[in-house]
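# Structural characterization, general
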Amino acid sequence: MQSISVTILTGFLGSGKTTLLRHILNANHGYKIAVIENEFGEVPIDNELIGERATQIKTLSNGCICCSRANELEEALLDLLDSMDKGQISFDRLIIECTGMADPGPITQTFFSHETLCQRFLLDGIITLVDAVHGEQQLDRFSIAQAQVGYADRILLTKTDIAPAHDALVERLQRINARAPVCHVIQGGADLGLLFDIDGFMLNDTLAVSTPVFRFMPKQPNSVQSIVVNLSYPVELSAVSDLMEELLLSFADNLLRYKGILAIKEASRRLLFQGVQCLYSADWDREWRDDESRESVLVFIGIDLPEQQIREKFAALV
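Anyway, here's the lowdown on the structure attached to this text. Quick caveat: nothing in here was measured; it's all calculated off a predicted structure.

### Structural notes on the overall build of the chain
Secondary structure summary: the chain contains ten helices and twelve strands in total. Considering the chain as a whole, with its 318 residues, one finds that 52% of them fall into the buried category. Sequence separation of 24 or more characterises 76% of the internal contacts of the chain that already satisfy a separation of 6 or more.

Have a look at this one:
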């Protein structure tokens, strides 16, 4: 049985999630899409905006699905599967539209912590929308806005037609999340190739790290940041495993996303790893080619991480 691909759609209040979702549901893509949305208010107004193009739209009750009502997300997912197994509905993709104040972390972990959901769903990627008009203020005032950017596999910058001068915001987003490309979207008109088949949670070697262009402007204070570690020499497997366990024990609650390609001593293949908070996996990849340097690159995205301490610990892996 083929797994159902899941896209988590997040972003701060007013960033344009519903507009994007409406565009997706009305696009000529051939998918049967189910949608789970959640609201802070008691009246599910987005049902009026989205229309009836999704196979099923299940509005969760008052509250955020990732906090006091976290168990309701599991119930909604199991309900969708039950309805599909009974032949009442049919869908091959699922989109979860988070409320603007939601933390994507617990939502993400749902797909790794429940046996049935692990088997039936495959988390494809987290899409975070950022408002080019109000994004700077939101990142300044709300740590959750930074966390939403930190979790992202894709960052969609909206309303750039209203705020065409946004270089500083893009640079800031890249400093928060060095592994997610920043794409511009106007009125929800996103290329579906940016949104689907991302394989953001597949253990693969897709690891492009952005390097923001330095401009003479003060850096904004970010509680969420990216730390990119490069090692020009192979390391011992046992040593790097011990270090990763130490980092998880110390900072699991602060680590949002992390990923790396490692060169291991006396190993002919590359070692890949990735994780979300305390959930962590690693596996061997392809053989190192003769024409490439056996170097390691690791990206950690987290909240108030001790950058210097982390760099020193990896530098000690000789």
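Having put the structure on the table, let's press on.
### Section: unusual backbone geometry
In this structure, aspartate 197 takes a positive phi of about 55 degrees despite not being glycine. Within the secondary structure, aspartate 197 sits in the loop between β7 (182-185) and β8 (224-231).

### Focus on the nonpolar core
The nonpolar side chains of soluble globular proteins are, as a tendency, buried together. One finds Ile36, Leu77, Phe91, Leu94, Ile96, Phe121 and Leu173 to be the most contacted residues of the largest nonpolar core, which totals 47 residues. Filtering out sequence-adjacent residues up to four positions away, leucine 173 remains in contact with Val130, Leu139, Val149, Ile155, Leu157 and Val182. Core analysis: the second largest hydrophobic core is formed by 23 residues, Val229, Leu231, Leu248 and Phe314 among them.

### A closer look at the packing of aromatic side chains
For the structure shown, the criterion picks out ten aromatic pairs. Residues phenylalanine 112 and phenylalanine 201 carry aromatic rings whose centres are separated by 5.9 Å and whose planes lie at 45 degrees to one another, so their mutual orientation is tilted. Of the two residues, phenylalanine 112 sits in helix α4 (residues 104-113) while phenylalanine 201 sits in the loop between β7 and β8, which places them 89 residues apart along the sequence. On the accessibility criterion, phenylalanine 112 (38% relative accessible area) is partly exposed. Measuring from centroid to centroid gives 6.5 Å for tyrosine 258 and phenylalanine 273, while their planes differ by 40 degrees, and the two rings are tilted. With tyrosine 258 in strand β9 (residues 255-262) and phenylalanine 273 in strand β10 (residues 269-276), the pair connects residues that are 15 residues apart, well separated along the chain. Ring pairs connect the aromatic residues Tyr258, Phe273, Tyr280, Phe300 and Phe314, which therefore count as one cluster.

### Some thoughts on the sheet that holds β9
The strand order across the open sheet formed by five strands is β8-β12-β9-β10-β11, and the pairing between neighbours is antiparallel. With partners counted over all chains shown, the strands left at the sheet margins are β8 and β11 (279-287), one partner each. On average, each strand axis in the sheet is inclined to that of its neighbour by 10 degrees, with strand direction left out of account. In terms of strand pairing, β8 meets strand β12 (residues 296-303) through eight bridges, oriented antiparallel. When the sheet's bridge partners are listed, glutamine 225 is paired in β12 with glycine 302. The strands touched by helix α10 (residues 307-315) within the sheet are β8 and β12, with β8 carrying the most contacts at an inclination of about 20 degrees.

### Comments concerning the packing of helix α7 (residues 143-151) against helix α8 (residues 167-176)
The N-to-C vectors of α7 and α8 enclose an angle of 70 degrees; their axes lie 9 Å apart at closest approach. Here α7 is positioned roughly perpendicular relative to α8, judged by the angle of their axes. You can see that α7 and α8 cross each other, and the crossing is right-handed. Along its contact with α7, which presents Gln146, Val149 and Gly150, the element α8 presents Arg172, Leu173 and Ile176. Its residues assigned to classes, the contact of α7 with α8 comprises three nonpolar, two polar and one charged.

### Considering the environment of arginine 120
Within the secondary structure layout, arginine 120 lies in helix α5 (residues 115-120). Put simply, arginine 120 and leucine 78 are 42 residues apart on the chain and 9.7 Å apart in space, counted from C-alpha to C-alpha. Residues in contact with arginine 120, not counting those within four places in the same chain, are Met1, Ser3, Ile4, Leu81, Met84 and Asp85. At a separation of 2.9 Å, a polar atom in the side chain of arginine 120 contacts the side chain of aspartate 85.

What counts and how
Residues numbered from 1 in each chain as written. Predicted model: local features only at pLDDT ≥ 70, side-chain atom pairs only at ≥ 80, totals over all residues. Heavy atoms only, no water. Helix = DSSP H or I, 4+ residues; strand = E, 2+ residues; numbered from the N terminus. Buried < 20%, exposed > 50% of the residue type's maximum accessible area, 1.4 Å probe, protein only. Contact = heavy atoms within 4.5 Å. Core = buried A, V, L, I, M, F, W, Y, C linked by side-chain atoms within 4.5 Å. Phe/Tyr/Trp six-rings, centres within 6.5 Å; stacked < 30°, edge-to-face > 60°. Pairing = 2+ DSSP bridges. Axes fitted to C-alpha atoms, helices over the stretch in contact; angles between N-to-C directions. Parallel < 35°, antiparallel > 145°, perpendicular 65-115°, else oblique. Left-handed = near helix turned anticlockwise from the far one by under 90°. Nonpolar A, V, L, I, M, F, W, Y, C, P; charged D, E, K, R; others polar. Polar contact = N/O pair within 3.5 Å; in protein donor to acceptor, adjacent residues only side chain to side chain.

In short, geometric facts, not functional conclusions.
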